[in-house]
Amino acid sequence: MTIHSDQNTHSRGADAHHADSAPLDSAPADLAKDGVALNGNSSDRFDSAPISRLVGFQVEPGSCGEAVVKLECKSHHHNPMGRVHGGLIAALADAAMGIAFGRTLSDGEDFSTIDMQISFIRPIKVGLITAHANVIERGLRIGFVKCEITNTRGKRIATASCTCTLFRET
């Protein structure tokens, strides 16, 4: 996953949107101590990412290092067995973890996801699922994020984690 700090593009793996994509809305980042960006308001650049609009992710306002992303699952999200496709659940986890990590970026920083794991715990057919992501650790070059996806009854649907690498834009 690559999130460009110029706020004009947001690309994710094979579903990459290029620089000719529509610019994303954003608000100026507030800075916490140590220069960590607090992009947690509802108008931050992650709220309207092309992938979120395409799939129907609902990004909640959040604070630095945290994200909540929801998806109303319907029959058009099903795999051939009549359950929500695991790839969509993984995309939800990826989006939530990317948003959580992206909210820690300072001006001039960028990142890419270098590893992601997901464990599917129970299937879902329809209904609202919610991904809660938190940055576990963020260093100067690498960071770790975890995510838990639950249904409306609070039952775990999946858990995920990822490793991100940081770099300075040139």
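From a predicted model like this one, the values you see are computed outputs, not experimental measurements.

A.B. asks: Explain the overall build of the protein residue by residue, including any values.
C.D. replies: When helices and strands are tallied, the protein shows two helices and ten strands. Taking all 170 residues of the protein together, the buried fraction comes to 42%. Contacts spanning at least 24 positions in sequence make up 61% of the contacts within the protein whose residues lie at least 6 apart.

A.B. asks: Lay out the nonpolar core with the relevant residues and their values.
C.D. replies: If you look at soluble globular proteins, the nonpolar side chains tend to sit buried side by side. In this structure, Ile 89, Leu 92, Met 97, Ile 129, Val 145, Cys 147 and Ile 149 are the most contacted members of the largest nonpolar core, which totals 32 residues. Ranked by residue count, the leading element in this core is helix H2 (residues 86-102), at ten residues. Setting aside its immediate chain neighbours within four residues, Val 145 contacts Met 97, Ala 100, Phe 101, Ala 133, Asn 134, Val 135, Ile 136, Ala 160, Ser 161, Cys 162 and Cys 164.

A.B. asks: I'd like a description of H2, backed by residues and values.
C.D. replies: In a regular helix each residue adds 1.5 Å, so 17 residues correspond to 24 Å; H2 covers 24 Å between its end C-alpha atoms and thus fits that length. For H2, the buried fraction is high: 14 of the 17 residues fall into the buried class.

A.B. asks: So, the confidence of the model for the protein: which residues are in play, and what are the values?
C.D. replies: Counting all residues, the mean pLDDT for the protein is 79, and 72% of those residues have values of 70 or more. Segment residues 1-43 is flagged for pLDDT under 50; beyond a separation of four residues in sequence, or across chains, it makes 100 contacts in the model.

A.B. asks: Before we move on, could you go through a nonpolar patch on the surface and cite the residues and values that matter?
C.D. replies: Side chains of Ile 114, Ile 136, Ile 142 and Phe 144 sit close together on the surface and give an oily, nonpolar patch of about 360 Å² of accessible area. In this fold, Ile 114 is placed in strand E7 (residues 109-120).

A.B. asks: Tell me about the pairing of strand E6 (residues 66-73), and name the residues and values.
C.D. replies: Judged by which residues are buried, E6 turns out to be one-sided: Ala 67, Val 69, Leu 71 and Cys 73 face inward and are buried, whereas Glu 66, Val 68, Lys 70 and Glu 72, on the alternate face, are not. When strand E5 (residues 58-59) meets E6, the two strands line up antiparallel, connected through two bridges. The residue bridging Gln 58 from the neighbouring strand is Lys 70, located in E6. In sequence, E5 turns back onto E6 through a hairpin of six residues, with Gly 65 there showing a positive phi of about 85 degrees.

A.B. asks: So what's going on with the environment of Glu 72? Which residues, and what values?
C.D. replies: Its location among the elements puts Glu 72 in strand E6. Considering only alpha carbons, one finds Glu 72 and Leu 128, 56 residues apart in sequence, at a separation of 4.3 Å.

A.B. asks: Can you break down the side chain of Glu 109 residue by residue, with the values?
C.D. replies: Tracing the chain through its elements places Glu 109 in strand E7. Relative accessible area serves as the criterion here: at 12%, Glu 109 is assigned to the buried category. At a separation of 2.7 Å, a polar atom in the side chain of Glu 109 contacts the main-chain amide nitrogen of Ser 106.

A.B. asks: Talk me through the packing of aromatic side chains; I want residue IDs and the actual numbers.
C.D. replies: Within the structure shown, the criterion is met by one aromatic pair. For the pair Phe 101 and Phe 111, a centre-to-centre distance of 5.0 Å together with 65 degrees between the ring planes defines the contact as edge-to-face. Here the residue Phe 101 occupies a position in helix H2, and Phe 111 occupies one in strand E7, the gap between them amounting to ten residues. Overall, the relative accessible area of 0% leaves Phe 101 in the buried class.

Definitions and limits used
- Each chain has its residues counted from 1, following the order in which its sequence is written.
- Totals for whole chains, interfaces and linings use every residue, but because this is a predicted model, local features are given only for residues with pLDDT of at least 70 and side-chain atom pairs only at 80 or more, for both listing and counting.
- Derived side-chain values reflect all non-hydrogen atoms in the structure, with water molecules and hydrogen atoms excluded from consideration.
- In this text, helices come from DSSP runs of H or I with a minimum length of four residues, and strands from runs of E with a minimum of two, each type numbered from the N-terminal end.
- Remark: exposure states derive from per-residue accessible area (1.4 Å probe, protein chains only) relative to the maximum for the residue type, with buried under 20%, exposed over 50%, and partly exposed in between.
- Two residues qualify as a contact provided that any one of their heavy atoms is within 4.5 Å of a heavy atom in the partner residue.
- Here, nonpolar core refers to any group of buried Ala, Val, Leu, Ile, Met, Phe, Trp, Tyr and Cys residues whose side-chain atoms link them within 4.5 Å.
- Expected helix span is taken as 1.5 Å per residue step, with the number of steps being one fewer than the number of residues.
- Residue-level confidence of the predictor, termed pLDDT, takes values from 0 up to 100.
- Patches were defined on residues exceeding 30% relative accessible area and lacking a salt bridge, with like-charge contacts within 9 Å and nonpolar side-chain contacts (Val, Leu, Ile, Met, Phe, Trp, Tyr) within 5 Å.
- All accessible areas in this document rest on Shrake-Rupley with a 1.4 Å probe, and a residue is counted as covered only by the protein chains that are shown.
- Every case where a carboxyl oxygen of Asp or Glu lies within 4 Å of a side-chain nitrogen of Lys or Arg is listed as a salt bridge.
- Being paired, for any two strands, means DSSP has found at least two bridges between them.
- Any pair of N or O atoms that falls within 3.5 Å is considered a polar contact. Within protein, one atom must be able to donate a hydrogen and the other to accept it, and sequence-neighbouring residues count only if both atoms are side-chain atoms.
- Each pair of aromatic rings taken from Phe, Tyr and Trp, with Trp reduced to its six-membered ring, is defined by centres within 6.5 Å and is described as stacked if the planes are under 30 degrees apart, edge-to-face if over 60, and tilted in the remaining cases.

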